[in-house]
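Observations on the three-dimensional arrangement
What follows is the residue order along each chain.
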Amino acid sequence: MNRIPDEELTLIPGGTLLTATPEEGRALALAIARHTVHNIQPDLDILTTGRVKYSDDPAELMAAAQVVSIEFQTIASANNYWR
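Residues numbered from 1 in each chain as written. Predicted model: local features only at pLDDT ≥ 70, side-chain atom pairs only at ≥ 80, totals over all residues. Heavy atoms only, no water.

1. Focus on the overall build of the protein
Regarding its fold elements, the protein presents three helices and zero strands. Start at the N end of the protein and walk to the C end: the helices and strands fall as α-α-α. Dimensions of the protein along its principal axes, counting C-alpha atoms only, are 45 × 30 × 15 Å. Taking all 83 residues of the protein together, the buried fraction comes to 22%. Sequence separation of 24 or more characterises 70% of the internal contacts of the protein that already satisfy a separation of 6 or more. About 5800 Å² of surface is accessible on the protein, with carbon and sulfur atoms providing 59% of the total. Taking the average location of the 6 positive side-chain charges in the protein and that of its 11 negative ones, the two points are 5 Å from each other. (Helix = DSSP H or I, 4+ residues; strand = E, 2+ residues; numbered from the N terminus. Buried < 20%, exposed > 50% of the residue type's maximum accessible area, 1.4 Å probe, protein only. Contact = heavy atoms within 4.5 Å. Areas by Shrake-Rupley, 256 points an atom, 1.4 Å probe, with all protein chains shown as cover. Lys, Arg positive; Asp, Glu negative; His and termini not counted. Charge placed at Lys NZ, Arg CZ, Asp CG, Glu CD.)

Shown next, in the form of C-alpha cells:
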C-alpha cells in the first residue's frame, strides 16, 4: 500500500483554529479538508484513482467546495470573525 505517512495524518494542521486573518483562515479550511480526506483514505493509489472520478464532475466539485466552506465557518467562529 502506498500510504500517507502517519505524521502527515493530522486533523488540525498546526494544532489550532486561530488565524491572524480571514485569508489564513481560508487556507486552513482547505488544509483541514485535505487532511480529512487523507485520514479517511490514507492509501495514495486509491485516493489518486478516485480523483479521476470527481475532478470533471461539477456536482462533486461543488460538494468539495461546500466541505471547505463549512470548515471556514467553524474557523471564522473560532476567530470571532476577526473582529
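2. A short note on the nonpolar core
Of all hydrophobic cores here, the largest spans six residues; its members are Leu 28, Ala 29, Ile 32, Ala 33, Val 68 and Ile 75. Where this core is concerned, the elements lending two or more residues are α1 (22-40) and α3 (58-78). A total of four residues in this core trace back to one element, the largest contributor, which is α1. Those residues in contact with Ala 29, other than ones at most four positions away along the chain, are Val 68, Glu 71, Phe 72 and Ile 75. (Core = buried A, V, L, I, M, F, W, Y, C linked by side-chain atoms within 4.5 Å.)

3. So, the packing of aromatic side chains
Inspection of every chain in the model, using the stated rule, returns one aromatic pair. Relative to Trp 82, the ring of Phe 72 has its centre 5.8 Å away and its plane inclined at 20 degrees; by these criteria the two rings are stacked. On the criterion of sequence distance, the pair formed by Phe 72 in helix α3 and Trp 82 in the segment after α3 is long-range, its members being 10 residues apart. (Phe/Tyr/Trp six-rings, centres within 6.5 Å; stacked < 30°, edge-to-face > 60°.)

4. Observations concerning unusual backbone geometry
Of note, the phi angle at Asn 80 is positive, near 50 degrees, even though the residue is not glycine. Tracing the backbone through its elements, the reader meets Asn 80 in the segment after α3. Of note, the phi angle at Tyr 81 is positive, near 55 degrees, even though the residue is not glycine. Among the secondary structure elements, Tyr 81 is positioned in the segment after α3. Note on Tyr 81: relative accessible area 49%, which makes it partly exposed.

5. Quick notes on the pattern of salt bridges
Charged atoms that come close allow side chains of opposite charge to pair. Within the structure shown, the criterion is met by one salt bridge. For the salt bridge of Arg 3 with Asp 6, the shortest nitrogen-to-oxygen distance reads 2.9 Å. (Salt bridge = Lys/Arg side-chain N within 4 Å of Asp/Glu carboxyl O.)

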